[in-house]
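Below are the chains, spelled out letter by letter.
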Amino acid sequence: MHENLRMQKAQSIRDVIRYIERFKNALVVIYLDDAIIDSTLFSSHIRDISLIHRAGLRVLIVPGARNRIDYVLASAGVSWTLQNGIRITTGEAMSHIKMAAFDVSNTVMTSLAAEHIPAVIGNWVRARALGVQHGFDYSTAGKIDKLHTDSIRIVLQDGFIPIFPCIGWSIAGKPYNISSVALAKEIAVQLQADKLFFVIPNAELCAPHFIIPETIGTSETGEVPALNLDEVAAFIAANSTNAYDHAVKNSNNEKIMSLLHIASRACAAGVQRVHILNGSQDGVLPCELFSDMGSGTMIYAKNYGDIRAMQNEDVPAVLSLMRPFVANGKLLPRTDRQLRDALADYIVYELDGGIRACAALHMYDENQAEIAAVAVAEAYAHMGVGAQLIETLLARAKKENCKSVFVLSTQTFDWFEKFGFVPAEIATLPQKRRAQWSQQRGSKAYRLALP
């Protein structure tokens, strides 16, 4: 097996093991859009949910039922209207709506049973009428009043997957039609879920479907893998202008924009992470759960990627990170002992317990410092992680009253020029560093004067 391929496979396996350990007993709420339930990929998503359940995560499912309700009402000759995206019917239609909602939930439960996963459909949602708003009567449409969280937790403890139809009942037992998306969000908030997934068709936060602000990092293929709450606000603002409204509507991305608002509120209310996934692709759930870059867009409030000082236990991961850069000549080889001896010089970028980037600042006489050992895992090269490392080290150099910072590079000097580094003579390097310079390697020196 080719060395690079073997290293990539090994790292992928390490990531999966690390995430399984990290999310053991984590609570995961999954909203399945009904278009996904009606698709040929539904059985594959159910299989993945089953594997996630077997891995020790506690799973709850909220299936969408809009299409099924449309069909049942049309078959029964029952008419309805929409007001602000909410279905409006007469009270006589509720028996049909309940039948459709439970039919979809039963489809999910039956599919889980085929995977030997126990599941149960329950009436854990208390609702009340939306009532009359601005003179309009919303009739059978309701909103969530309370969740019976104690009962839900007992079901989870017994090893079952709870399934939630889009029906809630009043204190008097009257049924109301509620939003499945709102229900998924409320369950995640009240149970303080670790993760909330929205699995919907063709959900891709990328250009040209959306305007991506320059401050938001993208993957190599242009997708947005993660957004913090400030970035969500910037994304929404960039895509809510009058000039862009028409394009968004035509590309069917209004639902994604709505989900971004919901995700932001969920994170602000304590849900650790919300994920918007393209359910039209196979395997998106395990890829999003058990890999750093995932397969969709994650919205988070805090505790995602973090730059910190390198610690002794990071050394094996940093050496592994450096190997491809050593192999292609971008970095000099370093030993375990060298890293440990210079531990205080290094910083790392940690994401969910994995080291994905590193860099060092070595101090010299004459108030000079060197930025060295800059390595960013390929998957994060377009995420701005490298720039964050450089800015962090430059701030450290200023704090140490350095007059200038230099770098030695064979292939990446163009990148350093973006930060203001300019060519310098090797003769200007500190004597100790100049003695280590190799004519054979031929690294070029670049320097940045500090204010």
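Values in this document were obtained by computation on a predicted structure and should not be read as measured data.

Let's talk about unusual backbone geometry
- The omega torsion of the bond from Ala207 to Pro208 falls at 5°, within 30 degrees of zero and hence cis.
- On the secondary structure map, Pro208 appears in the loop between strand S13 (195–200) and strand S14 (226–228).
- Positive phi, close to 55°, is recorded for Asn202, a residue that is not glycine.
- Locating Asn202 in the fold gives a position in the loop between S13 and S14.
- For Asn202, a relative accessible area of 56% translates into the label exposed.

Examining the side chain of Glu231
- Inspection of the secondary structure puts Glu231 in helix H8 (residues 229–238).
- Despite being buried, Glu231 has no salt bridge partner; Arg273 is the closest side chain of opposite charge, sitting 12 Å away.
- Those residues in contact with Glu231 that lie beyond four places of it in its chain are Thr215, Ile216 and Ala226.

Regarding the nonpolar core
- Of all hydrophobic cores here, the largest spans 89 residues; its most connected members are Ile30, Ile49, Leu112, Ile371 and Phe421.
- Here this core takes 7 residues from helix H5 (residues 94–114), the largest share from any one element.
- Counting 47 residues, the second-largest nonpolar core is a separate cluster that includes Leu60, Val125, Leu205 and Val271.

Brief notes about the environment of Ser295
- Looking at the secondary structure, you find Ser295 in the loop between helix H11 (284–289) and strand S16 (297–300).
- A C-alpha to C-alpha distance of 25 Å links Ser295 and Ile117, two positions 178 residues apart in sequence.
- The contact partners of Ser295, leaving out residues within four places of it in the chain, are Leu277, Val284, Cys287 and Glu288.
- At a separation of 2.7 Å, a polar atom in the side chain of Ser295 contacts the main-chain carbonyl oxygen of Val284.

Re helix H10 (residues 254–268)
- The end-to-end C-alpha distance of H10 is 22 Å, a good match for the 21 Å that 15 residues give at a rise of 1.5 Å each.
- Inspection of H10 places Ile256, Met257, Leu259, Leu260, Ile262, Ala263, Ala266 and Cys267 among the buried residues, and these make up the whole buried set.

Some points on the environment of Arg447
- Structurally, the position occupied by Arg447 is in strand S23 (residues 444–449).
- With 279 residues separating them in the primary sequence, Arg447 and Gly168 have C-alpha atoms 66 Å apart.
- The residues contacting Arg447, other than those within four sequence positions of it, are Gln368, Ser404, Val405, Phe406, Gly420, Phe421, Val422, Ala424, Thr428 and Leu429.
- Within the structure, Arg447 has its side chain in polar contact with the side chain of Gln368 (distance 2.7 Å).

Criteria and cut-off values
- Residues numbered from 1 in each chain as written.
- Predicted model: local features only at pLDDT ≥ 70, side-chain atom pairs only at ≥ 80, totals over all residues.
- Heavy atoms only, no water.
- Helix = DSSP H or I, 4+ residues; strand = E, 2+ residues; numbered from the N terminus.
- Buried < 20%, exposed > 50% of the residue type's maximum accessible area, 1.4 Å probe, protein only.
- Lys, Arg positive; Asp, Glu negative; His and termini not counted.
- Salt bridge = Lys/Arg side-chain N within 4 Å of Asp/Glu carboxyl O.
- Contact = heavy atoms within 4.5 Å.
- Core = buried A, V, L, I, M, F, W, Y, C linked by side-chain atoms within 4.5 Å.
- Polar contact = N/O pair within 3.5 Å; in protein donor to acceptor, adjacent residues only side chain to side chain.
- Expected span 1.5 Å × (residues − 1).

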